[in-house]
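Fold and geometry: a report
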Amino acid sequence: MLIPHDTRIALDTVVDLVNTAPEDELPPDGPTDGLVDGLEDGLADIAALYDFAERHLISGVGTLGEKDLGAVRDVRSRFAEVFAAPDARTAVDLVNRLVAAAGTTPQLTDHDGYDWHVHYFAPDASLADHLAADCGMALAFIIVAGEQERLRRCEAPGCGRAFVDLSRNRSRRYCSSRTCGNRLHVAAYRARRREAGA
C-alpha cells in the first residue's frame, strides 16, 4: 500500500493522539489490565498539549488554553471511535462528521523545508480543527483504499493501544513487536517449556 509522506505523518499523529487517552477511554470491549492498567491521560494539561504539538511538528499552534485542551480531547475521543468502528460505513460516517466540523480548506503548501503537500485545515485553524482535518483526511485515505481493517487495537492482553497495520499482508496484531509481541511470544515459549517439562 503506497501512502504519501504527509498522510503517513498524519496517521502517526492520530495514532499517538488516540493513545494519549486514559484507561477509562479505552474501547468498552477492549482489555483494561496489564500494560494499560493505571494509564493516565497523556493530555492531562496544557503543557502536555504543547508537548504533543511540538513532538508532531504541528505548525502555527499559537497560544493554547483550556478550551483548546477540551476540544483536542473531544477530537481524540471521536478518533478512538473510528478505530473501534465495526465496519467501513460506520468509520466513514465518523470521519465525515469530524472533517466537516473542522471546516476543511485543502491547500497545497511547501513550508519549513518540506516539499509540496496538502494541508486540509483552514488557515489559522485551532489545534483541534487542524488535527480533525489533517488526521481525518489521512484516515479517509485508508478507508477509500478499502483498508479500514488496518485501523486496529493491539491484541495483547492488557494493551488496547491503537495502531495502523501497514504490513503487506495485514497480519500485524500488536502495537509493537518489540514490547507486546515479544512479551507474548516469550510467555508462549515459557508455557511450552513448562508443558514439555511436566
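The structure under discussion appears in the preceding block.
Just so it is clear, the structure is predicted and the values come from calculations on it, not from any experiment.

1. Description of the layout of surface pockets
Taken as a whole, the largest pocket holds about 640 Å³ of empty space. If you go around the largest pocket, you meet 28 residues; those closest to its centre are D6, I9, H117, H119 and D134. Going through the elements one at a time, helix 1 (5-18), strand 2 (117-119) and helix 5 (127-144) are the ones with two or more residues in the lining of the largest pocket. Take the lining of the largest pocket: its biggest share by element is seven residues, from helix 5.

2. Topic: the packing of helix 1 against helix 3 (residues 66-84)
One can describe the packing of helix 1 onto helix 3 by two numbers: an axis separation of 9 Å at closest approach and a directional angle of 105°. Here helix 3 runs roughly perpendicular to helix 1, going by the angle between their axes. Across the interface between the two elements, V14, V15, L17 and V18 of helix 1 pack against V72, V75, R76, F79, A80 and F83 of helix 3.

3. Here we look at unusual backbone geometry
One non-glycine residue, L57, lies in the positive phi region at around 50°. Considering the arrangement of structural elements, one finds L57 in the loop between helix 2 (46-55) and helix 3. You can call L57 exposed: its relative accessible area is 61%. Located in the positive-phi region is R170, a residue other than glycine, with phi close to 55°. Residue position: R170 is located in the loop between strand 4 (162-164) and helix 6 (177-197). The exposure class assigned to R170 is partly exposed, which follows from its relative accessible area of 35%.

4. Some details on helix 3
Taking 1.5 Å as the rise per residue, helix 3 with 19 residues should run 27 Å; its terminal C-alpha atoms sit 27 Å apart, in good agreement. Among the residues making up helix 3, those that are buried are D68, L69, V72, V75, R76, F79, A80, V82 and F83. Down the axis of helix 3, the buried side of the element spans an arc of 150°, and every buried residue falls inside it. Among the exposed residues of helix 3, those oriented more than 90 degrees off its buried face are E66 and K67.

5. Focus on the environment of V15
By secondary structure assignment, the location of V15 is in helix 1. For the pair V15 and V164, spaced 149 residues apart in the sequence, the C-alpha separation amounts to 7.4 Å. If near-sequence neighbours (up to four positions away) are discounted, V15 is found in contact with F83, A162, F163 and V164.

6. Some remarks on the nonpolar core
In this structure, F79, F83 and L139 are the most contacted members of the largest nonpolar core, which totals 43 residues. At the level of secondary structure, the elements contributing two or more residues to this core comprise helix 1, helix 2, helix 3, helix 4 (88-102), helix 5 and strand 4. When residues of this core are assigned to their parent elements, the largest contribution, 11 residues, is made by helix 5. In this structure, A156, C159, F163 and C175 belong to the second largest nonpolar core, which totals seven residues.

7. So, the side chain of H130
You can see H130 is positioned in helix 5. On the accessibility criterion, H130 (9% relative accessible area) is buried.

Cut-offs and rules
Residues numbered from 1 in each chain as written. Predicted model: local features only at pLDDT ≥ 70, side-chain atom pairs only at ≥ 80, totals over all residues. Heavy atoms only, no water. 1 Å grid on protein atoms, 1.4 Å probe; cavity = no way out; pocket = protein on both sides within 12 Å on 5 of 7 lines; lining within 4 Å. Points joined across faces, edges and corners; volume = space filled by probe spheres on them. Helix = DSSP H or I, 4+ residues; strand = E, 2+ residues; numbered from the N terminus. Axes fitted to C-alpha atoms, helices over the stretch in contact; angles between N-to-C directions. Parallel < 35°, antiparallel > 145°, perpendicular 65-115°, else oblique. Contact = heavy atoms within 4.5 Å. Buried < 20%, exposed > 50% of the residue type's maximum accessible area, 1.4 Å probe, protein only. Expected span 1.5 Å × (residues − 1). Arc of directions from axis to C-beta. Core = buried A, V, L, I, M, F, W, Y, C linked by side-chain atoms within 4.5 Å.

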